[in-house]
2 protein chains.
Amino acid sequence: MKKFVNDPQQFVPEMLKGIALANPDTLRYVPEYNLIHRADAPRDDKVTIIQGSGSGHEPAHVMVVGRGMLDAACPGDVFAAPPTDYVYETTKLLASPKGVLLLVNNYTGDRMAFEMAQEMSEADGVNVRTLFIDDDVAVKDSTWTVGRRGVAGNFFVMKAVGAAAESGADLDELVRIGEKVNSVTRTLGIALTACTPPAKGSPLFELADDEIEIGVGIHGEPGRRRAKWMPANEIVDEFLGAVVPDLPFERGEHVALMINGLGGTPISELYLLYGIAHEKLAAQGISVSRSYVGEYCTSLDMAGASLTLVKLDAEIEELLDAPAEVAVRVF
Amino acid sequence: MKKFVNDPQQFVPEMLKGIALANPDTLRYVPEYNLIHRADAPRDDKVTIIQGSGSGHEPAHVMVVGRGMLDAACPGDVFAAPPTDYVYETTKLLASPKGVLLLVNNYTGDRMAFEMAQEMSEADGVNVRTLFIDDDVAVKDSTWTVGRRGVAGNFFVMKAVGAAAESGADLDELVRIGEKVNSVTRTLGIALTACTPPAKGSPLFELADDEIEIGVGIHGEPGRRRAKWMPANEIVDEFLGAVVPDLPFERGEHVALMINGLGGTPISELYLLYGIAHEKLAAQGISVSRSYVGEYCTSLDMAGASLTLVKLDAEIEELLDAPAEVAVRVF
């Protein structure tokens, strides 16, 4: 294993410290609970939005804490749900009189931790709701889930509820918006290589030099099938062939198109995929009116990408347009 | 080779088409010259800023065209300087009465193409200046350069002259600012793996499973030495041991610290490096007051990172603070 790491057990805390040191004005780091939160949270006039999940998916979620996005993220170790008490302590520390919304990608371990933390917080008198995200069309149930998995499409749910919360929406309204965005969001991932968790030190699974995994999960879980490597045009056919009919996305509709890198794929290849997908959608009469190309939800150093479509309407577009400020920036 | 690619010869044009399709309101693509330019360029009231270089370093430079940054980028093929006539035609097409500034990372091939294009444009009556960037401390001369190489530190030159041009600075003033920023910027790169150009289909060089290359160039050129893999703390000592004494950066100074990913390294590892470097600099009395963590200038899918320091003063900070809009965005 060749990574930039010291003791693999300290990988997550050392990363979190780096995030905090790079954003001293806007973020706070509470090492006891792997907690990154906005310096100005909680606020009395705003529902607090918290997302957990395992680490290894950065920038999700610790690097998208900021104005118009999350108030806090409390990650677990790499690919491990956060402990219940981390979520509970985070919820308590950041509780607002307007309530707390917990965003959870649908994995069994995360569901358990967040549902238990919700019960404990409610017993303390905090008004808490939980929203599960399950945008991955690849498999119905999987290694780590009952039902569909939550993957890169979680970005759109976060962005929409983050914008609405910033403008004062109440907890019920945020749940309505989050469920709505989740219901029109669909994703498929394809891996070119496996990923290597720092503590394991070797790839999580094996893919031959000429093989790809179609429908891969963001923890390297198996997808729909293994296939021989194919050119980018055919890869995009695989993406769209799975995603478009699932909702379905239909002729005449406007969509947001995200090409998300899984961690080890250069952005040049992501834009190449984007261009092909944009044109193939146009040929089907589906108009891409918002583009998202880059890394949003990764799987450590996995080479690969996912494609997400979101069916747009005026309300969703306005929420996606709203300003946001997060740790990750280019300039 | 497992990449998202169709015909490797079409890798660059297909990527450029993707960039253009993702940014229909702000960018224009001219396929004849690999040219990406701002939709509103050239402007009579603003010096035009153009950067070339080979492809394979994205987001540099085709994805950082936009307000407050570049007016245009005309890349060559992967790791190849743009042809002289691409640079010449780009310069002619985007010439402003206030002049044109060509930014060039210091490589022999790029220098030749840009210097010749400058002469040809001047013969046409265009007012052109060229600015060479050479921030890499690793080697004095290299495979492809006389003198030092230009690497990720070129971002700071671009950002500073981009901001100044936006506020109306003339060509002489831009050259002064660019030379000043270049003169206080220093970078070193370290590779964990080689990179694989699409047209070659195999790694450019070999690194054993326990080896790293210290001082690597962004085309996989050799650096100072090969070493055994070492923990992140020691990697940061290698970075700072080369970069800090070079200017030198001294106790009491304020710096910008960039940890730039080389294409295949997840952002979690970059923040881990950032945190360590920030604290080690503080221990030397050097205060990091601006942070840049992510991918700025890559080497295709190479796993690795570079560390850049910029000595700050009020003028440079103001230019780095100015607003900018580029293709690459997170939200």
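First things first, this report covers the structure right here in the doc. Being a predicted model, the structure only gives us computed values, none of them experimental. (Residues numbered from 1 in each chain as written. Chains lettered and ligands numbered in written order. Predicted model: local features only at pLDDT ≥ 70, side-chain atom pairs only at ≥ 80, totals over all residues. Heavy atoms only, no water.)

1. Brief notes about helix 5 (residues 171-183) of chain A
Residues and elements named next belong to chain A.
Right, on to step 1. Between its terminal C-alpha atoms helix 5 stretches 18 Å, which fits the 18 Å expected from 13 residues at 1.5 Å a residue.
Right, on to step 2. Within helix 5 the residues assigned to the buried category are L171, L174, V175, I177, G178, V181 and N182. Here the buried residues of helix 5 occupy an arc of 165° about the axis, which is enough to place them on one side.
Right, on to step 3. Considering only its buried residues, helix 5 is in contact with strand 3 (48-51), strand 5 (100-105), strand 6 (128-133), helix 4 (154-166), strand 7 (185-191) and helix 8 (314-321). (Helix = DSSP H or I, 4+ residues; strand = E, 2+ residues; numbered from the N terminus. Expected span 1.5 Å × (residues − 1). Buried < 20%, exposed > 50% of the residue type's maximum accessible area, 1.4 Å probe, protein only. Arc of directions from axis to C-beta. Contact = heavy atoms within 4.5 Å.)

2. Some remarks on the packing of aromatic side chains
All names here are of chain B.
Right, on to step 1. Going through the model one piece at a time under the given rule, you end up with 12 aromatic pairs over all chains.
Right, on to step 2. When the centroid spacing of 6.2 Å and the interplanar angle of 70° are considered together, the rings of Y33 and Y86 count as edge-to-face. Pair noted here: Y33 is in the loop between strand 1 (27-30) and strand 2 (35-38) and Y86 is in helix 2 (residues 84-93), with a separation of 53 residues, a long-range link.
Right, on to step 3. Y33 gets classed as partly exposed once you look at its relative accessible area, which sits at 21%.
Right, on to step 4. With a centroid separation of 5.0 Å and an interplanar angle of 65°, the aromatic rings of F155 and Y296 are classed as edge-to-face. A residue pair is termed long-range when its members are at least 10 positions apart, and F155 in helix 4 (residues 154-166) and Y296 in the loop between strand 11 (287-294) and strand 12 (304-311) qualify at 141 residues. With respect to class, F155 is no different from Y296; both count as buried. (Phe/Tyr/Trp six-rings, centres within 6.5 Å; stacked < 30°, edge-to-face > 60°.)

3. Section: the interface of chain A and chain B
Where interface size is quoted, it is often the accessible area lost as the parts come together.
Right, on to step 1. Across the boundary between the two partners, chain A contributes 63 residues, which contact 63 residues of chain B.
Right, on to step 2. Contact between chain A and chain B buries roughly 5,700 Å² in total, counting both sides, with carbon and sulfur atoms accounting for 64%.
Right, on to step 3. In this structure, the connection of chain A to chain B is made through four salt bridges.
Right, on to step 4. As a salt-bridge pair, A:E269 and B:K3 come within 3.6 Å of each other at their nearest N and O atoms.
Right, on to step 5. At the boundary of chain A with chain B, the tally comes to 20 residue pairs in polar contact (both at pLDDT 80 or more). (Buried area = accessible area lost by both parts, 1.4 Å probe. Salt bridge = Lys/Arg side-chain N within 4 Å of Asp/Glu carboxyl O. Polar contact = N/O pair within 3.5 Å; in protein donor to acceptor, adjacent residues only side chain to side chain.)

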